[in-house]
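Each chain, written out:
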Amino acid sequence: MLMPSIFRTNVFDDFFEDPFKDFGRRAVGRPVNDLMKTDIKENEDGYEVSIAMPGVKKEDIQAELKEGYLTVTATTKQDKDEKDDKGRYIRRERFYGTAKRSFYVGEDVKQEDIKAKYTDGVLVLDVPKVQPKVEEEEAPKYIDILG
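Residues numbered from 1 in each chain as written. Predicted model: local features only at pLDDT ≥ 70, side-chain atom pairs only at ≥ 80, totals over all residues. Heavy atoms only, no water.

Caption draft 1: Quick look at the overall build of the protein. When helices and strands are counted, the protein shows zero helices and seven strands. Put simply, the protein runs from its N terminus to its C terminus through helices and strands in the order β-β-β-β-β-β-β. A burial count over the protein gives 20% of its 147 residues as buried. Restricting to contacts in the protein with at least 6 residues of sequence separation, those with at least 24 account for 47%. As displayed, the protein offers around 12700 Å² of accessible surface, 51% of which is attributable to carbon and sulfur atoms. (Helix = DSSP H or I, 4+ residues; strand = E, 2+ residues; numbered from the N terminus. Buried < 20%, exposed > 50% of the residue type's maximum accessible area, 1.4 Å probe, protein only. Contact = heavy atoms within 4.5 Å. Areas by Shrake-Rupley, 256 points an atom, 1.4 Å probe, with all protein chains shown as cover.)

Caption draft 2: Region of interest: the environment of F103. Tracing the sequence through the fold places F103 in strand 5 (residues 89-104). For F103, a relative accessible area of 13% puts it in the buried group. F103 sits 35 residues away from G68 along the chain, and the two C-alpha atoms are 8.4 Å apart. Once you skip the residues sitting within four places of it in the chain, F103 turns out to touch T38, I40, V49, I51, G68, Y69 and L70.

Caption draft 3: Representation of the sheet that holds strand 7 (residues 122-128). The sheet built from four strands is open, its strands ordered 1-2-7-6 with antiparallel pairing. For this open sheet the edge positions go to strand 1 (38-42) and strand 6 (115-119), each flanked by a neighbour on one side alone. In this sheet, adjacent strand axes meet at a mean angle of 15° when their direction is disregarded. Across five bridges, strand 6 lies against strand 7 in antiparallel orientation. Bridge pairing links Y118 to L123 in strand 7. (Pairing = 2+ DSSP bridges. Axes fitted to C-alpha atoms, helices over the stretch in contact; angles between N-to-C directions.)

Caption draft 4: Focus on the nonpolar core. Counting residues in each nonpolar core, the largest one holds 17 residues, and the members touching the most others are I51, M53, V72, I114 and L125. Looking at this core, the elements with two or more residues in it are strand 2 (46-52), strand 3 (61-66), strand 4 (69-83), strand 5 and strand 7. Look past the residues within four positions of M53 in its chain and what remains in contact with it is M36, I61, V72, A74, Y118, G121 and L123. (Core = buried A, V, L, I, M, F, W, Y, C linked by side-chain atoms within 4.5 Å.)

Caption draft 5: Seen up close, the confidence of the model for the protein. Looking at the protein as a whole, its pLDDT mean stands at 76, while 69% of the residues score no less than 70. Confidence, read as mean pLDDT per element, is least for strand 5 in the protein (80) and greatest for strand 7 (95). In this model residues 11-32 is a low-confidence stretch, pLDDT under 50, and it forms 19 contacts with partners more than four residues away in sequence or in other chains. (pLDDT = per-residue confidence, 0-100.)

What follows is the structure, given as structure tokens:
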């Protein structure tokens, strides 16, 4: 019979468990793919990109347009200190991290055309639809053949 553990059903749970199963998890216990959940809605004249960033301050968000790619970067720093009545630490947790998402919006979109607004932990970007410039094909010019 296996002996029970305080935290698991038996002592050998950790032995047979995948050692990398929690790799990439944040300090608060959420998987990395839960960061910056994004919704994209198409309108008549453009796209509305909504990115959830709870707990991130507006000054810690950067949006950049470069070579047709719209890149949103969020940096966060969380400190949780708890002390007892004598000022000794009972628990002290810190998390520092950066998350980044990129979207191809086209090389004809200009930075000044994109509007951004951050409210209640949600960044909303309005990206206009821009029709790519179509170069007109020149009609072939033929040489008259006399004869």
